[in-house]
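Per-entry structural report
What follows is the residue order along each chain.
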Amino acid sequence: MKEFDPGEGPSIVSMTDRVRPLPVGLSATSVHFLGDVAVFVGAEEHAALVSAKDEIAKVTIHGGAVLCSVSDGKRIVTGGDDGELVALNAKGEVTLLATDDKRRWIDNVALHGDGAVAWSAGKTAFVRSAKGEDKTFDVPSTVGGLAFAPKGLRLAIAHYNGVTLWFPNMAANPEFLEWAGSHLSVVFSPDNKFLVTAMHEPAMHGWRLADNRHMRMSGYPGRVRSVSWSAGGKGLATSGADSVIVWPFASKDGPMGKEPAMLAPLPARVALVACHPKNDIMAVGYDNGTVLMVRFEDGAEILVRRNAGAAVSALAWNAKGTLLAFGAEDGDAGMLEL
């Protein structure tokens, strides 16, 4: 492990002087780009929209805690403990999409490229097609995560002891991928060949979808809370350690029998990873407030934000890869233009 701390010494190239501070006025739990408008989603009630001119507008999106958010670049869809599912556009307009009939928490949400949206409350997963047709499916335990497959309308529903693959538009029985334990999030690989979950224990688990072969991805000191696919889908960057753990997915076997790369080690835990949309670099946020840009090929690092105490809680690129936005738990936020 390297001896220097990028928040302290000159051992690393720095771009901190190019970061524009953003007084968003909230503790962001995520940030998304709608075009070049950065939208910081707060932990409670509000979101803050930052225009290309750094004009900030705060809007109310929920009547309580904001539990989940996702974006397709055109809208941001969020779920809250008020039992509501809402959409927010770049103009700051809020649209109510659904209200749970039992006012249960909406704690997971996913978007499909064709406009379909999925969300969950308790043990029930809901899908609304692009045509506005609603369908539901119950799983054996509380839904831990949702993800649409890149191809076709297939929804992965993570829950205790595995993942259910559901085709909402087909009468066929759902497919069940079993692995003991609590699965708290789920992602498909961009090429649709692999499915990976993050678990309640400090581990990940994967399946090769062609034959459902298992991929054990363990050895983390802490729970994996953030994952991001590299631009070409050849690597899966993950949090959960004091380095970014990058699993190889370039071959047909994925990470089976291979060791992951360990990049950007610091004396702090990785909180968030966000891969660049076009190039083989990623942004990394740590629980001591540091933000780095890291190159996959050789691990070269550039400092974006010094260790400022509060953990990085929001991190995202715009679709063109020209803007990087970050937010911290104490409400501090910034933007770097490349």
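Structure shown above.
Notes on the structure in this doc start here. (Residues numbered from 1 in each chain as written. Predicted model: local features only at pLDDT ≥ 70, side-chain atom pairs only at ≥ 80, totals over all residues. Heavy atoms only, no water.)

Some thoughts on the pairing of strand β15 (residues 155-166)
A regular strand places its side chains on the two faces of the sheet in alternate fashion. Within β15, ten of the twelve residues are buried, leaving the element largely enclosed by the surrounding structure. Of the strand pairs in this sheet, strand β14 (residues 145-148) and β15 are connected by four bridges, and their pairing is antiparallel. Across the sheet, residue Ala-147 finds its bridge partner in β15, namely Ala-156. Between β14 and β15, which follow one another and run antiparallel, lie six residues, and Gly-152 among them has a positive phi close to 75°. (Buried < 20%, exposed > 50% of the residue type's maximum accessible area, 1.4 Å probe, protein only. Helix = DSSP H or I, 4+ residues; strand = E, 2+ residues; numbered from the N terminus. Pairing = 2+ DSSP bridges.)

Focus on the packing of aromatic side chains
The final tally for this structure, using the stated rule, is four aromatic pairs. On the basis of an interplanar angle of 25° and a centroid distance of 5.3 Å, the ring pair of Phe-137 and Trp-166 is categorised as stacked. Of this pair, Phe-137 sits in strand β13 (residues 134-138) while Trp-166 sits in strand β15, and the two are 29 residues apart along the sequence. Taking relative accessible area as the criterion, Trp-166 reaches 7% and is therefore assigned buried. When the centroid spacing of 4.9 Å and the interplanar angle of 75° are considered together, the rings of Trp-229 and Phe-249 count as edge-to-face. (Phe/Tyr/Trp six-rings, centres within 6.5 Å; stacked < 30°, edge-to-face > 60°.)

What to know about the sheet that holds strand β19 (residues 213-217)
With respect to topology, six strands assemble into an open sheet ordered β14-β15-β16-β17-β18-β19, the strand pairing being antiparallel. Each end of this open sheet is capped by a strand with a single partner; those strands are β14 and β19. The sheet shows a mean angle of 45° between the axes of neighbouring strands, taken without regard to direction. (Axes fitted to C-alpha atoms, helices over the stretch in contact; angles between N-to-C directions.)

Describing the side chain of Ser-243
Along the chain, Ser-243 falls in the loop between β21 (235-238) and β22 (244-248). Beyond its immediate sequence surroundings of up to four residues, Ser-243 is in contact with Thr-238, Met-262, Leu-263, Ala-264, Pro-265 and Val-270. (Contact = heavy atoms within 4.5 Å.)

As for unusual backbone geometry
Located in the positive-phi region is Glu-45, a residue other than glycine, with phi close to 70°. Tracing the sequence through the fold places Glu-45 in strand β5 (residues 44-50). We note that Asn-192 has phi near 70°; this positive angle belongs to a residue other than glycine. Here Asn-192 lies in the loop between β16 (175-188) and β17 (194-199). Classification of Asn-192 by relative accessible area gives buried; the value is 17%.

Concerning the environment of Gly-240
Looking at where Gly-240 falls in the secondary structure, it is placed in the loop between β21 and β22. Here Gly-240 is in contact with Tyr-220, Pro-221, Gly-222, Arg-223, Val-224, Arg-269 and Val-270, once residues within four sequence places are set aside.

Thoughts on the layout of surface pockets
Unfilled space is identified by rolling a water-sized probe across the atoms. Empty space within the second largest pocket amounts to approximately 210 Å³. Lining the second largest pocket we find 13 residues, and of these Ser-230, Lys-234, Gly-235, Val-246 and Phe-296 sit closest to its centre. Mapped by element, the contributors of at least two residues to the lining of the second largest pocket are β22 and β23 (261-263). The element best represented in the lining of the second largest pocket is β22, accounting for three residues. In terms of residue class, the lining of the second largest pocket is built from seven nonpolar, three polar and three charged. (1 Å grid on protein atoms, 1.4 Å probe; cavity = no way out; pocket = protein on both sides within 12 Å on 5 of 7 lines; lining within 4 Å. Points joined across faces, edges and corners; volume = space filled by probe spheres on them. Nonpolar A, V, L, I, M, F, W, Y, C, P; charged D, E, K, R; others polar.)

Some thoughts on the environment of Leu-88
Along the chain, the position of Leu-88 falls in strand β8 (residues 84-88). On a C-alpha basis, the gap between Leu-88 and Ala-47 in space is 9.1 Å, while along the polypeptide they are 41 residues apart.

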